[in-house]
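Descriptive structure summary
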Amino acid sequence: MDYKMPHRCPVCDQEMKISKLTCTFCPTKIEGEFSSCKFCRLPKEQLIFMEAFIKCRGNIKEVEKELGISYPTVRSRLDSVIEALGYGVEKERNPEVERENTNEESQRRQRILEALERGEISVQEATLQMRKQLDKD
């Protein structure tokens, strides 16, 4: 009977190492200290998710159907697998917010330049305000 190798110690919950390998065909045995792959160390739930994700070729809509979960849940589980594998998760950029911010920055710069043109502020003050705006962004 084949059992899944435990990757966490049942006593202290630390990572376990593989210490003996046996050939399934001949009587060869190798002893030492071996690490398992990153995917092998994922919890069962994450492995099930990754299997579905790969089966669906990364199509989130298909993963939703396959596992019966929502889009945000698929994204959340994918993020947790990415983190468990030791990679950072880059938060999704929102083009609407970025466009809004760019427009606001443009308007602020325009107001500074108009105030300079009207003589309300000096060149030094305009430069200072522009630099402060750049530091905030």
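I will try to describe carefully the structure that is included in this document. Fair warning: this is a prediction, and the values are worked out from it, not measured in the lab. (Residues numbered from 1 in each chain as written. Predicted model: local features only at pLDDT ≥ 70, side-chain atom pairs only at ≥ 80, totals over all residues. Heavy atoms only, no water.)

What follows is about the nonpolar core. In this structure, Leu 42, Phe 49, Met 50, Phe 53, Cys 56, Ile 60, Val 63, Ile 69, Val 74, Leu 78, Val 81 and Leu 85 together form the largest nonpolar core, which totals 12 residues. Counting only elements with at least two residues in this core, the list comes to α1 (44-55), α2 (60-67) and α3 (71-84). In this structure Met 50 touches Phe 39, Leu 42 and Val 81, once residues within four positions along its chain are discounted. (Core = buried A, V, L, I, M, F, W, Y, C linked by side-chain atoms within 4.5 Å. Buried < 20%, exposed > 50% of the residue type's maximum accessible area, 1.4 Å probe, protein only. Helix = DSSP H or I, 4+ residues; strand = E, 2+ residues; numbered from the N terminus. Contact = heavy atoms within 4.5 Å.)

The buried fraction of strand β2 (residues 29-34) is low, at zero of six residues. Pairing of strand β1 (residues 18-22) with β2 involves four bridges; the strand directions are antiparallel. Each residue of the ladder has a partner; that of Thr 22, found in β2, is Lys 29. (Pairing = 2+ DSSP bridges.)

Here Gln 46 lies in helix α1. A relative accessible area of 14% means that Gln 46 is categorised as buried. The contact partners of Gln 46, leaving out residues within four places of it in the chain, are Ser 80, Val 81 and Ala 84.

Every buried residue belonging to α2 is among Ile 60, Val 63 and Glu 64, and all of these are buried. Buried residues in α2, looked at end-on, bunch into an arc of 105 degrees, giving them a common side. Structural note: α2 exposes Lys 61 and Lys 65 on the side pointing more than 90 degrees away from its buried face. The secondary structure elements touched by the buried residues of α2 are α1 and α3. Once α2 ends, the next one or two residues include Gly 68, with phi positive near 65 degrees. (Arc of directions from axis to C-beta.)

Right, let's talk about the pattern of salt bridges for a bit. A full pass over the atoms with the stated rule returns five salt bridges. Note that Lys 55 and Glu 66 form a salt bridge whose closest N and O atoms lie 3.0 Å from each other. You can see Lys 55 sitting in helix α1 and its partner Glu 66 sitting in helix α2, a full 11 residues away along the chain. Classification of Glu 66 as partly exposed rests on a relative accessible area of 39%. Residue Lys 61 pairs with Glu 64 through a salt bridge whose shortest N-O separation is 3.9 Å. Placement of both Lys 61 and Glu 64 in helix α2 is noted, with a separation of three residues, approximately one turn of the helix. We classify Glu 64 as buried; its relative accessible area is 17%. (Salt bridge = Lys/Arg side-chain N within 4 Å of Asp/Glu carboxyl O.)

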